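Below, each chain spelled out in residue letters.
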Amino acid sequence: MRLNAGAVCAGGGSYVNKTGHWRTFIPRVDTDKCNGCGICYTYCPDSSIEIVEKTAQIDYDYCKGCGVCAHECPREAIAMEEERK
Ligand code: SF4
Ligand code: SF4
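Some thoughts on the overall build of the chain
And then number 1: Tallying secondary structure elements over the chain gives 3 helices and 4 strands in all.
And then number 2: Reading the chain from its N terminus to its C terminus gives the helix and strand order α-β-α-β-β-α-β.
And then number 3: With respect to the principal axes defined by its C-alpha atoms, the chain has extents near 50 × 25 × 20 Å.
And then number 4: The buried share of the chain, taken over its 85 residues, is 18%.
And then number 5: If you take every contact in the chain between residues at least 6 apart in sequence, the share linking residues at least 24 apart comes to 65%.

Brief notes about the site of ligand 1
And then number 1: Taken together, the neighbourhood of ligand 1 is formed by 14 residues, with Cys34, Cys37, Ile39, Cys40 and Cys73 sitting nearest.
And then number 2: The residue inventory of the shell around ligand 1, partitioned by class, reads 10 nonpolar, 3 polar and 1 charged.

Digging into the environment of Phe25
And then number 1: If you trace the backbone, Phe25 turns up in strand β1 (residues 25–29).
And then number 2: A tally of 16 C-beta atoms within 10 Å means that Phe25 is categorised as partly exposed.
And then number 3: In this structure, the C-alpha to C-alpha distance between Phe25 and Ala79, residues 54 residues apart in sequence, is 9.6 Å.

Cut-offs applied
Residues numbered from 1 in each chain as written. Chains lettered and ligands numbered in written order. Predicted model: local features only at pLDDT ≥ 70, side-chain atom pairs only at ≥ 80, totals over all residues. Helix = DSSP H or I, 4+ residues; strand = E, 2+ residues; numbered from the N terminus. Buried ≥ 20, exposed ≤ 12 C-beta atoms within 10 Å, placed from the backbone. Contact = placed C-beta atoms within 7 Å. Near = placed C-beta within 6 Å. Nonpolar A, V, L, I, M, F, W, Y, C, P; charged D, E, K, R; others polar.

See the structure below:
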């Protein structure tokens, strides 16, 4: 995308620019530990987490692997693993 000085991007760009390929580490949710509290959903900077049927689900098209969710989860239900591509 080419931007001129002072340009303002059109809305919705974060849907187009999938950030999942940035990952070095990938979060995995332990569904036995997760109680669907939504704290990870609140903290995720990429809005890549949904709570579905009281369990966190991660959209790997957009999750960039920052690990904030794993750090904030009070039940230690998210583990960061090395991404295998
Ligand atoms: S913060 Fe932890 S327990 Fe809460 S919804 Fe997220 S993964 Fe589940
Ligand atoms: S690793 Fe970062 S981007 Fe991915 S779901 Fe967790 S908080 Fe969101």
